[in-house]
Amino acid sequence: MQNKYFLLLIFFFIYFQNVKAENIIGIARVIDGDTIEINKKKVRLFGIDAPEIKQKCKRSFLSISFLVLQKKYDCGVVSKKKLEKKIKDRIVKCVSDKGKDRYGRFIAICYSNNYDLNKWLVRNGYAIAYKKFSKKYSYDEEYAKEKELGLWSGNFMRPEKWRKIN
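Structure report, in brief. Treat the numbers as computed from the prediction; the structure is a model and nothing was measured.

### Overview of the environment of K72
Structurally, the position occupied by K72 is in strand β6 (residues 67-73). The spatial distance from the C-alpha of K72 to the C-alpha of F156 is 9.7 Å, given a sequence separation of 84 residues.

Here it is in structure tokens:
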């Protein structure tokens, strides 16, 4: 039994020894609400999940007493445009110490003017906390939900679920 734990411990150290922090710095091109590209390196924003570009959500446009009318909007496009506006022509620094995802993108927390962009997206309702991988942005999601910001101002399907059925 001890041999199994010993082998597991060795595997753990070997695997995580190869994951070294990498700073990716430069002007970012926004691909979607949770993916950017800097100097030809694609970066997936850690701990968050934004609506896909083709994803539609609903939000209220008219409320009369008990009747609430909603209309569809391109929430994935909104998420992307909000991130573009936030980092427009500014240097972005991404700290990647989580390795790469299955698509070869660096997984990172990215900063603009020393502000955590991942957090900003979730806190303003343009992305949700991706709790499957981290609970880091859970409080920011609760804040956006309480204030009915962004996605939370209407109805939406969680991006992970939307990807599965589309």
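Now that the structure is up, let's keep going.
### Here's the deal with a positive patch on the surface
Residues R59, K71, K82 and K85 make up a contiguous surface patch of positive charge. Within the secondary structure, K85 is located in helix α2 (residues 75-87). Under the relative-accessibility criterion, K85 is labelled exposed at 65%.

### A look at the side chain of D32
Relative to the helices and strands, D32 resides in strand β1 (residues 22-32). Buried and unpaired, D32 has no salt bridge, with R105 as the nearest side chain of opposite charge at 5.5 Å. Of note is the side chain of D32, whose polar atom sits 3.0 Å from the backbone nitrogen of D34. Within polar-contact distance, the side chain of D32 engages the backbone nitrogen of T35 at 2.9 Å. Those residues in contact with D32, other than ones at most four positions away along the chain, are E52, I53, K80 and L83.

### Observations regarding a nonpolar patch on the surface
Side chains of L62, I64, F66, L67 and L69 sit close together on the surface and give an oily, nonpolar patch of about 500 Å² of accessible area. If you list the elements that add at least two residues to the nonpolar patch, you get β5 (57-64) and β6. Inspection of the secondary structure puts I64 in strand β5. Among the residues examined, I64 registers a relative accessible area of 48% and is labelled partly exposed.

### Quick word on the pattern of salt bridges
What the rule picks out here adds up to 15 salt bridges. For R163, the salt bridge goes to D49, with nearest N and O atoms at 3.0 Å. With R163 in helix α5 (residues 159-165) and D49 in strand β4 (residues 48-49), this pair connects stretches of sequence that are 114 residues apart. By relative accessible area, R163 is classed as partly exposed at 29%. D49 gets classed as buried once you look at its relative accessible area, which sits at 1%. Of the charged contacts in the structure, one is a salt bridge between K132 and E160, with a shortest N-O distance of 2.9 Å. In this pair, K132 is assigned in the loop between β10 (128-129) and α4 (138-147) and E160 in helix α5, connecting sequence segments 28 residues apart. The exposure class of K132 is exposed, given its relative accessible area of 56%. A single salt-bridge network, built from bridges that share partners, covers D34, R44, D49, E52 and R163.

Calculation criteria
Residues numbered from 1 in each chain as written. Predicted model: local features only at pLDDT ≥ 70, side-chain atom pairs only at ≥ 80, totals over all residues. Heavy atoms only, no water. Helix = DSSP H or I, 4+ residues; strand = E, 2+ residues; numbered from the N terminus. Patch = residues over 30% accessible without salt bridge, like charges linked within 9 Å, V, L, I, M, F, W, Y side chains within 5 Å. Areas by Shrake-Rupley, 256 points an atom, 1.4 Å probe, with all protein chains shown as cover. Salt bridge = Lys/Arg side-chain N within 4 Å of Asp/Glu carboxyl O. Lys, Arg positive; Asp, Glu negative; His and termini not counted. Charge placed at Lys NZ, Arg CZ, Asp CG, Glu CD. Buried < 20%, exposed > 50% of the residue type's maximum accessible area, 1.4 Å probe, protein only. Polar contact = N/O pair within 3.5 Å; in protein donor to acceptor, adjacent residues only side chain to side chain. Contact = heavy atoms within 4.5 Å.

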